[in-house]
Amino acid sequence: MRVFFKMLRWILHVITYSIKHFMPLLPILRYPDPRLKKVAGRVDRFDDSIRRLASDMAETMYEAPGIGLAATQVDVHKRVIVIDVSETRDQLLVLVNPELVESDGQQVCEEGCLSVPGIYDKVERAEHVVVRYFDVEGQERTIEADGLLAVCLQHEMDHLDGRVFVEHLSQLKQVRIKAKLAKQARITA
Ligand code: K1U
Ligand code: ZN
């Protein structure tokens, strides 16, 4: 009987370990998927489902790897973004219902996007931003940023409004990017 319970405990341990460590990552939508155009809705309840979403998004971002991810990109149309621009990859920011309250200056930075793999181009953004948001516990906070963090915040907030960074580029570049991605998709199909 003791051997049976020992085995049962071991099986349960293996199951919980597998769920915790081998959970499938969230699939990322690829441009020009029309779902990337949806405007995300505000979060009004700060419950476990939001904390689970943020945690799955962070795992997906780190694994990709990326420096940011918006819920829109994983086909969840809620105003949630995760960001980590640190070199040590241990400075996770989770922003719920982010709102741009101030912006000034200009900077041009090379951007990439996990929804537009292999495409990088220069985009003009504000140099300095102030963003008001809620953390996953529903506590209101403010972040002030410049440089790469400011760029990343603007890039991710664009996603929540259904905009992908390539839409800041010329029409000609957009046509070329769509053709390149369609070719990539045919090769990998
Ligand atoms: O939104 C996304 O798709 C994530 C995107 C964020 C971003 C990158 C560059 C400028 C603005 C916003 C990425 O993370 S693309 C991948 C990337 O830039 C990167 C990946 C690993 C290490 C460093 C950068
Ligand atoms: Zn992106």
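Numbering of residues starts from 1 in every chain and runs along the sequence as written. The lettering of chains begins at A and the numbering of ligands begins at 1, in the order of writing. The predicted origin of the model limits local features to residues at a pLDDT of at least 70 and limits the giving and counting of side-chain atom pairs to 80 or more, whereas totals for whole chains, interfaces and linings rest on all residues.

A. Representation of the nonpolar core in the model. The term nonpolar core refers to a group of buried residues, namely Ala, Val, Leu, Ile, Met, Phe, Trp, Tyr and Cys, whose C-beta atoms join them within 7 Å. As a rule, residues whose C-beta atom has 12 or fewer other C-beta atoms within 10 Å are exposed, those with 20 or more are buried, and those in between are partly exposed; C-beta atoms are placed from the backbone. Met57, Val80, Ile81, Val82 and Leu153 are the most contacted members of the largest nonpolar core, which has 39 residues in total. Each helix is a run of H or I in the DSSP string that is no shorter than four residues. Each strand is a run of E no shorter than two, and both are numbered from the N terminus. Those elements giving two or more residues to this core turn out to be α2 (48–63), β1 (68–70), β2 (80–83), β3 (93–104), β6 (128–134) and α3 (147–160). The element that contributes the greatest number of residues to this core is α3, accounting for seven residues. With residues near it in sequence (within four places) discarded, Leu153 still touches Ile83, Val129, Val131 and Ala145. A pair of residues counts as a contact when their C-beta atoms, built from backbone coordinates, are separated by no more than 7 Å.

B. Here's a closer look at the pairing of β3. A pair of strands is treated as paired once DSSP finds two or more bridges between them. Bridge count for β2 against β3 is four bridges, and the pairing is antiparallel. Its bridge partner lying in β3, Val82 is registered against Val94. Sheet topology places β3 next to β6; six bridges connect them, and they run antiparallel. When the sheet's bridge partners are listed, Glu102 is paired in β6 with Val130.

C. Region of the structure containing the site of ligand 1. By definition, a residue lies near a molecule or strand provided its backbone-derived C-beta atom is within 6 Å of it. Close to ligand 1 lie 15 residues; Gly66, Gly112, Cys113, Leu114 and His155 are nearest. Those elements that provide at least two residues to the shell around ligand 1 are β1 and α3. The dominant element in the shell around ligand 1, judged by the number of residues it contributes, is α3, at four residues. Each residue is assigned to one class: nonpolar for Ala, Val, Leu, Ile, Met, Phe, Trp, Tyr, Cys and Pro, charged for Asp, Glu, Lys and Arg, and polar for all the others, Gly among them. A breakdown of the residues in the shell around ligand 1 according to their chemical character gives eight nonpolar, five polar and two charged.

D. Spatial organisation of unusual backbone geometry. In this model, Tyr31 is joined to Pro32 through a cis peptide bond whose omega is 5 degrees. Looking at where Pro32 falls in the secondary structure, it is placed in the loop between α1 (2–21) and α2. With an omega of -10 degrees, the peptide bond running from Ala64 to Pro65 counts as cis. A positive phi angle, close to 55 degrees, is found at Arg89, a residue other than glycine. Note on Arg89: 12 C-beta atoms within 10 Å, which makes it exposed.

E. Main features of the sheet that holds β6. Read from one edge to the other, the open sheet built from five strands follows the order β1-β2-β3-β6-β7, with strand pairing classed as antiparallel. Here the strands that pair on one side only, and so sit at the sheet edges, are β1 and β7 (140–146). On average, each strand axis in the sheet is inclined to that of its neighbour by 40 degrees, with strand direction left out of account. A fitted line through C-alpha atoms serves as each axis, taken over the contacting stretch for helices, and the angle formed by two N-to-C directions is quoted from 0 to 180°. Relative to the sheet, α3 contacts β1, β2, β3, β6 and β7, its axis offset from that of β1 by approximately 20 degrees.

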